[in-house]
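One-letter residues, chain by chain:
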Amino acid sequence: MNKMSENSDDLGFDLVDFMPYLLNQAAEATSIEFQHFYKARYGMLRTEWRIVFHLGRYGAMTAKEICNRTNMHKTKISRGVGALESKRYLKREIDTSDRRLEKLSLTPQGARVFGELNKAAQDFNADFARLFSAEEGLILRRCLKRIAGL
């Protein structure tokens, strides 16, 4: 047995059994798999896909509202908004009740993209769910929602 293995056994700790590590690895694996679709088809990054999803699902909102819903940093959201605007997927409008705020919403082209992405996400989710029995899928969703505070 090598020195590294002895130390791991002595500590009773193995990274592959560490729940945060496992959750991160699972999230990355599934996110990257779906990312292949939206990146190849629309040239979007993960942040952009999430912005499109939130605007398509919940309607017009400010960048700050998107930050709060996604738990993503405002700098990432700002870059994503700029990229989506240049692709003509979203537009900005000054909020009439508070001129300091901009409401973001999808353009007709952005709404079409959202519809296609939404369908692809549903298909991806259904394919992913086939890895588990119905009971396992229900338990997994329940546990993940609890961890995420949803």
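That block above? That's the structure.
Quick summary incoming for the structure in this document. Position labels on residues start from 1 in each chain and follow its written sequence. Given that this is a predicted model, residues contribute local features only at a pLDDT of at least 70 and side-chain atom pairs are listed and counted only at 80 or more, while totals for whole chains, interfaces and linings are drawn from all residues. Only hydrogens and water are set aside when side-chain values are computed; all heavy atoms of the structure are taken into account.

Side note on helix α3 (residues 46–58)
Within an α-helix, residues lying three or four positions from one another point in the same direction, as the helix has 3.6 residues per turn. Put simply, DSSP marks the helices as runs of H or I at least four residues long and the strands as runs of E at least two long, and each gets a number from the N terminus on. Here a helix's expected span is defined as the number of its residues, less one, multiplied by 1.5 Å. Between its first and last C-alpha, α3 extends 18 Å over 13 residues, near the 18 Å set by a 1.5 Å rise per residue. Relative accessibility thresholds used throughout: buried, under 20% of the residue-type maximum; exposed, over 50%; partly exposed, between the two (1.4 Å probe, protein chains only). When we look at burial in α3, the residues that qualify are Thr47, Glu48, Trp49, Ile51, Val52, His54 and Leu55. Remark: Gly59 follows α3 within two positions and exhibits a positive phi of approximately 85°.

Things to note about the layout of surface pockets
Note on definitions: the grid is 1 Å and covers protein atoms alone; a cavity is a set of points where a 1.4 Å probe fits but cannot get out; a pocket is an open set with protein on both sides within 12 Å along at least five of seven lines; lining residues have an atom within 4 Å of a point. Grid points are joined across faces, edges and corners, and a volume is the space filled by probe spheres set on the points. Taken as a whole, the largest pocket holds about 1,800 Å³ of empty space. If you trace the largest pocket, you find 34 residues lining it, with Thr30, Ser31, Arg50, Leu144 and Leu150 closest to the centre. The set of elements that each furnish at least two residues to the lining of the largest pocket consists of α2 (19–42), α3, α4 (63–70), α6 (108–129) and α7 (134–148). Among the elements that take part in the lining of the largest pocket, α2 stands out by supplying 8 residues, more than any other. Looking at the lining of the largest pocket, its residues break down into 19 nonpolar, 9 polar and 6 charged. Classification used: nonpolar for Ala, Val, Leu, Ile, Met, Phe, Trp, Tyr, Cys and Pro, charged for Asp, Glu, Lys and Arg, polar for all others including Gly.

Things to note about the environment of Arg112
Along the chain, Arg112 falls in helix α6. The class of Arg112 is partly exposed, set by a relative accessible area of 43%. Linking Arg112 and Asp95, residues 17 residues apart in sequence, is a C-alpha distance of 24 Å.

Notes on the packing of aromatic side chains
Working definition: a ring pair exists when centres of Phe, Tyr or Trp rings (six-membered ring for Trp) sit within 6.5 Å. Plane angles under 30 degrees give stacked, over 60 give edge-to-face, the rest tilted. Throughout the structure, instances matching the rule amount to 10 aromatic pairs. Seen in terms of ring centroids, Trp49 and Phe53 are 5.9 Å apart; in terms of plane orientation they differ by 50°. Their pairing is tilted. Of the two residues, Trp49 and Phe53 are both situated in helix α3; the distance of 4 residues between them amounts to about one turn of the helix. Judged by relative accessible area, Trp49 falls into the buried class, the value being 15%. For Phe53, a relative accessible area of 22% puts it in the partly exposed group. We call a charge positioned over a ring when the NZ of a Lys or the CZ of an Arg lies within 6 Å of the ring centre and within 35 degrees of the ring normal. Directly above the ring of Tyr58 sits Arg69, whose terminal nitrogen or CZ lies 4.0 Å from the centroid.

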